[in-house]
Amino acid sequence: MITFSEHTLENGLRIIIHEDHSTPLAALNLLYDVGARDEHPEQTGFAHLFEHLMFEGSANIPHYDTPLQLAGGNNNAFTSNDITNYYLTLPAANIETGFWLESDRMLQLAFSQEKLDIQKKVVSEEFKQRYLNQPYGDLWLLIRPLIYDQHPYRWATIGKDLSHIENATLNQVESFFYAHYAPNNAILVVSGHVHTPEIIQLSEKWFGPIPQRQIKKRNLPIEPRQKQEKRLSVEREVPADLLLMAFHMPHRTHPDYYAYDLLSDIMSNGKSSLLYQRLVKENNLFSEINAYVLGSIDPGLFMISGRMNKNHSLEKGEQAVWQILNEIKQNGLTEQALQKVKNRFETAEQFSLMNILNKAMKLAFAAHMGNVGLVNTEPSMYHAVSANDIQRVACEAFCSDNSTILEYKAINH
Amino acid sequence: MLDRHTAPAINTDFKFSLIHPDVVKHHEIPIYYIGNHSPELVRIELIFNAGSIYQTQPLIASTTNDMLGEGTSKYTSAQLSEKLDYFGAYVTKDISHDHAAVSLFTVTRYLNQVLPLFREYLMDSIFPEHELQINLTNRKETLLHNLKKVEYVCRNGFAKLIYGEHPYGQSARPEDFENVTSDDLQAFYRHYYLSGPSVIMVAGNTSSEVRNQIESSLHDWLQPQTKSAAPPLLPYTPQQTEIEFQNAIQSAIRIGTPTISHTHPDYPILSLGNMILGGYFGSRLMKNIREEKGYTYGIGSGINSNQLSGTFLISTEAGTEYLYMLKDEVYKEIKRMLDEPVTADELNIVKNFISGNFLKSVDGFFAQSDRIKTLVLNQLPFNYYDNYLHIIKTATSQQIQACMQQYLPLNQLSEYVVKGVNS
């Protein structure tokens, strides 16, 4: 159970506070409702490039990191297809430093051509390091545009192509800031050894004077229902073949989300899970295999990804996966199998409540989904999922017409 | 009018309190309890002197560790994992050069059901042949995957450069997987696991009920092992190596030297110098090479502390077109640490950063348990961190410079470069 209070400033900034006095620390999480899905198709990678620029100094503070380090704090950020999320932790006595830093960069960034040029280079190196210079690194660059025809989830957060980053201009970057970075487009969460009245007062003081900005109403194309299987086969310098299967599934706040999530656990969470036991242990077709959901704000994906063992073909591997999917569709699963994943969920949930930064993020994500209370009610929604629900969603998702298959083959020398 | 130019006042007198753990000795094996009766979770971590330095052949230590619970005389691997998973319990295994660890992580309410299963893992593993073959096949595939990464190849090459034929310098090759037998694992298991762990850490819920359950489940463990001798280090000569790596657009670089470890009195000052050079986001290497030049996504330095030795190292990956310019800058920055005292500002930031972030590293029972474990394994006293932070707080630029000169002279550095080539 996470206790919290909610407040909204006049400029629209939403604030959530969670007190936890078992720690000497405080965490501050600032979520901006902007992600790669908000990018122009010819300017992809901007939300993430922008995240880098947010650390390059703001109107009144030349270096973001230095004052935070002086205050004994630590910080980072990430960009997803839906959001850009900034977070820091520090000794609770110094929480005002966090307010000062975060409010100044929400107010106004200190843009310069030089800073932009350097971060373009850094992001290009990141692109190379994570997506081009790793075995299977370009998986998501390949499969996203295949899965989605219309929706901007068709590109990865790093961007479609290095050239989009390389061509970014100062003007474009600046207008991206004013279009998306605003108190009325953000959620602030403060957790830890803090007192609610003081946090409200600090919020008023530092964020209160920031004017609202005009945020264009989001109007994203809706992905049309997939009508037939999509398939792509590529060859690369990798040691083994890899199979990647994607199925469309509902969005994160859909009532069926929990059944899908537990279904992915049944398939690959833990050593006794279905795919691991059958395909890794029993017939050793795969050296590893995973199933997971992407719980995105717009309709998401159920993914299965497995690396083949040497002596087996991708075709055989795919057939074996389909056979298991069909068995779930036809026979459903036992109460025991369902109870098992619920028990594992409970342990993981307990663990996630032991850390104030984790709790701050959970609160921010729930608020972004439209209901902060979800942090406390979701466990019961997982608990309520029945074996029938799981069989039903499996029947909905696991059809050839709803699938995108990437055959990632090792070049045979 | 709000003054946004001036930073809010900060308090830098960070107070931390490391729990003084309860220690119970059971058949001479110490059990450390870090927690109270309120968490609903408990983590039981057993540390064995069963790291890779004790193996006589590659992969034996890691495979033994990884194969624990993959079949016991009572249950098959599948049966055992089905039971443990059912109670929502997690078992994790970990291996390093010096130690092996096995941890159980469970909600307290199922501890009674889970402990007998965990006991099976620890005391009755039988390493069935067919399970072993699956394990070896899959891990070999993972190794082949890793060998396609410049960073991984560089890490192994660098370790070999520094420690040569000593186990600290060794890493598995694909062909080594052909030579592992179930008999080898059983022998290693008997010698290094069945004789008992060297220490047990219990964190989270440590109520008397939990303690009783743990102690009665593990009560008949044998005498603790007498620690086997680790093979001594070989003499070190600095070397430079560059290899080419086909079909890669980035290169990986490691530069470093063997150095002192945790237990040495100069360690706190050296770690302070390391921090300024490359230990955090605001370090000189990050500022110069990422934030001013844009050559890399990230660069850092660190000190890996092992039982017999520490290793100082700088590592990064960067586009091959930047490789030589980047290396020049790295050496310039090392030289600057040796030639000039660090500035008062830099020193002040790092002092606050280390002590503030130390709070985070002791936040919560699990984190505290990890810190205390480090002390126990290195035979350091419980007030070690108080002293450590005191030394950090009072350190001077001159001390740091002298320490860098003593432990990181340029002529003692080795360098390993994996140069990405795209033909």
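Please read these numbers as outputs of a predicted model, since none were measured by experiment.

Q: How do you make sense of the pairing of strand S9 (residues 286-294) of chain A when you look at a structure like this?
A: The side chains of a regular strand alternate between the sheet's two faces. Residue and element names in this part refer to chain A. With 8 bridges joining them, S9 and strand S10 (residues 300-308) adopt antiparallel strand pairing. Looking across to S10, one finds that Leu294 is bridged to Leu301. Between the antiparallel neighbours S9 and S10 lie 5 residues.

Q: What's the story with helix H11 (residues 344-361) of chain B in this structure? I'm lost.
A: Given 3.6 residues per turn, any residue in an α-helix points the same way as the ones three and four places further on. Taking 1.5 Å per residue, 18 residues should reach 26 Å; H11 of chain B reaches 26 Å between its end C-alpha atoms and fits that length. For H11 of chain B, the set of buried residues is Leu347, Ile349, Val350, Lys351, Asn352, Phe353, Ile354, Ser355, Gly356, Asn357, Phe358 and Leu359 of chain B.

Q: Quick question: what am I supposed to make of the side chain of Ser81 of chain B here?
A: Relative to the helices and strands, Ser81 of chain B resides in helix H2 (residues 77-86). Once you skip the residues sitting within four places of it in the chain, Ser81 of chain B turns out to touch Lys271, Ser272 and Gln277 of chain A.

Q: What is the right way to look at the pairing of strand S11 (residues 414-421) of chain B in this model?
A: Residue and element names in this part refer to chain B. Counting buried positions over the 8 residues of S11 gives 7, a clear majority of the element. In this sheet, S11 lies alongside strand S7 (residues 240-246) in parallel orientation, the contact comprising 7 bridges. Considered in S11, the bridge of Gln240 is made with Glu415. Taken together, the 5 bridges between strand S8 (residues 250-259) and S11 define a ladder with antiparallel strand orientation. Looking at the pairing, Gly256 lines up with Ser414 of S11.

Q: Explanation requested: the sheet that holds strand S3 (residues 41-48) of chain B in the structure shown.
A: Two pairing modes exist for strands in a sheet, parallel and antiparallel, and in both the strands are linked by backbone hydrogen bonds. Residue and element names in this part refer to chain B. If you trace the 6 strands from one edge of the open sheet to the other, you get S1-S2-S6-S3-S5-S4, paired in mixed fashion. Looking along the sheet, the strands with just one partner apiece sit at the ends: strand S1 (22-26) and strand S4 (90-95). For this sheet, the mean inter-axis angle between neighbouring strands, taken without regard to orientation, is 15°. Strand direction decides the pairing type here: S3 and strand S5 (residues 100-107), joined by 8 bridges, are antiparallel.

Q: Explanation requested: the confidence of the model for chain B in the structure shown.
A: Interpretation of the predicted coordinates at a detailed level should be avoided for regions scoring low in pLDDT. With 99% of its residues at a pLDDT of at least 70, chain B reaches an overall mean of 94. Taken over the whole predicted complex, pTM reads 0.95, whereas the ipTM for its chain interfaces reads 0.92.

Q: What am I meant to see in the domain arrangement of chain B here?
A: All names here are of chain B. Here chain B is described as being made up of domain 1 (22-217) and domain 2 (240-421). Here the C-alpha centroids of domain 1 and domain 2 sit 29 Å apart. Domain 1 puts 34 residues into the contact, and the matching count from domain 2 is 36 residues. Of the roughly 2800 Å² buried where domain 1 meets domain 2, counting both sides, 73% is carbon and sulfur surface. For the interface between domain 1 and domain 2, the tally reads 3 salt bridges.

Q: I would appreciate a short explanation of the interface of chain A and chain B in the present structure.
A: One frequently used descriptor of interface size is the decrease in accessible area upon assembly of the parts. Between chain A and chain B, the residue contacts involve 74 residues of the former and 71 residues of the latter. When the two sides are added together, the surface that chain A and chain B hide from each other amounts to roughly 6400 Å², 53% of it contributed by carbon and sulfur. Along the contact surface separating chain A from chain B lie 9 salt bridges. Glu141 of chain B is the salt-bridge partner of Lys310 of chain A, the closest N and O atoms lying 3.4 Å from each other. Counting across the chain A and chain B interface gives 41 residue pairs in polar contact (both at pLDDT 80 or more).

Cut-offs and rules
Each chain carries its own residue numbering, running from 1 in the direction its sequence is written. A letter from A marks each chain and a number from 1 marks each ligand, given out in the order of writing. Per-residue local features of the predicted model are confined to residues with pLDDT of at least 70, and side-chain atom pairs are confined, for both listing and counting, to 80 or more; whole-chain, interface and lining totals are unaffected and use all residues. Computation of side-chain values: all heavy atoms of the structure, hydrogens and water removed. A pair of strands is considered paired only if DSSP assigns at least 2 bridges between the two. In this description a helix means any DSSP run of H or I spanning at least four residues, a strand means any run of E spanning at least two, and both kinds are numbered starting from the N terminus. For a helix, the expected span equals 1.5 Å multiplied by the residue count minus one. Exposure categories follow from relative accessible area, calculated using a 1.4 Å probe and restricted to protein chains: below 20% of the type maximum is buried, above 50% is exposed, and the middle band is partly exposed. In what follows, residue pairs with any heavy atoms lying within 4.5 Å of each other are defined as contacts. Note on geometry: axes are C-alpha line fits, over the in-contact stretch for helices, and angles between N-to-C directions span 0 to 180 degrees. Confidence of the predictor in every single residue is expressed as pLDDT, which spans 0 to 100. Where a domain begins and ends is set by an automatic assignment or by a domain database. Buried area is calculated as the accessible area (1.4 Å probe) missing from two parts once they are joined, with the contributions of both summed. Salt bridge, as used here, is a side-chain nitrogen of Lys or Arg placed within 4 Å of a carboxyl oxygen of Asp or Glu. Each polar contact in these results corresponds to two N or O atoms within 3.5 Å; when the atoms are within protein, one needs to be able to donate a hydrogen and the other to accept it, and residues that are neighboring in sequence are counted only if both atoms are side-chain atoms.

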